[in-house]
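Notes for the structure review
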Amino acid sequence: MADVDPQELKAPISVDEAESTSPYRNLLFPLIVVPAMIVIVVLLVYTLVGAITGEEATVDENLHRVLHGGSNERTQAAYALVAQLAENDRARAGGEELPWEVSEALAPKLSDALEGLGGDEVQLKYVLSSALLHLDDPAGIQGLRGILALGDTADPEGKLKFHALVSLGSRGSPETFPDVSAFLESEDQGLRSISAGYLRFYPKELASPALKGALRDPDLAVRLNAAISLSWLGDPAGATLLRDGAREETYQAERDRDPRSYARAELVRENRVRALEGLARLGRPEDRGLLEELAQEDGDLEVREAAMRALKSEK
């Protein structure tokens, strides 16, 4: 599991945050950039409860605080616990020794704690569910499904719903495919975009049909996320969209319709690079002319370099 720079997770959205009607306007999540694997814990600590301070505790010590601490202590200890489980995930994926010892009693105790939470403790419900998901306990999936169903009163800015969708989607378990793919039909463009981006972690036979439908979404970011996901699955159905996404004039057309859209050069650059990476994964001979054109003539250095990398990957 690759580490993710928290700043990458804070890439700007396509419409100015102050003007956006999305409940995720303050999250600054990327609409196109979806890392290969994502550990959301660091971002969560800062966006939901602030940085955890103090001496580093063991898994068992954090569990004790979750079970017996005060309200703030319980929540911070729960985040620290999830961070430790995420570190174990990264180490396990890399064939390294696990940095944190985890007892067999951890999952049952967390599950009992989750069941005992009150209806107003939704933030802690998310964190404990996320911890259980890291432990591959079915209670984690059920808990996150509950978060996805929260209404505006319990989750007024939609932050918890957003993170629950990311947590489930990044795992790519076939069992949760209906939960994640359902958000392709959401009225919220942000949720549709995240759903399209994370469906690439699911088996191709499940994800490709849903993603092909998302290629017709009215929002450019959703369409491009779907095309990028399809490229990861080796499906060229979104190749035309990727070609469009690699060109600056695509975003100029969006700005012509709404001056607030894609007004930030760094977002346009990042999207164009991701589109070029998608074309490189597909390796279609018919895209070589476009790649050569951008590699030689584009005014953005990072885009030219991405096009050159794509050309080298074809050899």
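Further up the page is the structure itself.
Below, the structure is looked at part by part. (Residues numbered from 1 in each chain as written. Predicted model: local features only at pLDDT ≥ 70, side-chain atom pairs only at ≥ 80, totals over all residues. Heavy atoms only, no water.)

Turning to the packing of helix α7 (residues 138-148) against helix α8 (residues 159-171), a few remarks are in order. It is the contact of α7 with α8, at a shortest axis distance of 8 Å, that shows an interaxial angle of 145 degrees. As α7 packs across α8, the resulting crossing turns out to be left-handed. Of the residues in α8, those in contact with Ile141, Leu144, Ile147 and Leu148 of α7 are Leu160, Lys161, Ala164, Leu165, Ser167 and Leu168. Along the lines of polarity and charge, the residues of the contact of α7 with α8 split into 8 nonpolar, 1 polar and 1 charged. (Axes fitted to C-alpha atoms, helices over the stretch in contact; angles between N-to-C directions. Helix = DSSP H or I, 4+ residues; strand = E, 2+ residues; numbered from the N terminus. Left-handed = near helix turned anticlockwise from the far one by under 90°. Contact = heavy atoms within 4.5 Å. Nonpolar A, V, L, I, M, F, W, Y, C, P; charged D, E, K, R; others polar.)

A few words now on the environment of Leu224. Relative to the helices and strands, Leu224 resides in helix α12 (residues 220-232). Put simply, Leu224 and Arg274 are 50 residues apart on the chain and 9.3 Å apart in space, counted from C-alpha to C-alpha.

Here we take up the packing of aromatic side chains. For the structure on display, the rule yields 3 aromatic pairs. The positively charged end of Arg200 is found above the aromatic ring belonging to Trp232, 4.2 Å away from the centroid. The side chain of Arg281 reaches across the aromatic face of Trp232, ending 3.9 Å from its centre. (Phe/Tyr/Trp six-rings, centres within 6.5 Å; stacked < 30°, edge-to-face > 60°. Lys NZ or Arg CZ within 6 Å of the ring centre and 35° of its normal.)

Take Ser231: it is sitting in helix α12. Assessed through its relative accessible area of 2%, Ser231 is described here as buried. Here the side chain of Ser231 touches Ile228 through a polar contact of 2.6 Å, landing on its backbone oxygen. A polar atom in the side chain of Ser231 sits 3.1 Å from the side chain of Arg281. Excluding residues that lie within four positions of it along the chain, Ser231 makes contacts with Leu242, Gly278, Arg281 and Leu282. (Buried < 20%, exposed > 50% of the residue type's maximum accessible area, 1.4 Å probe, protein only. Polar contact = N/O pair within 3.5 Å; in protein donor to acceptor, adjacent residues only side chain to side chain.)

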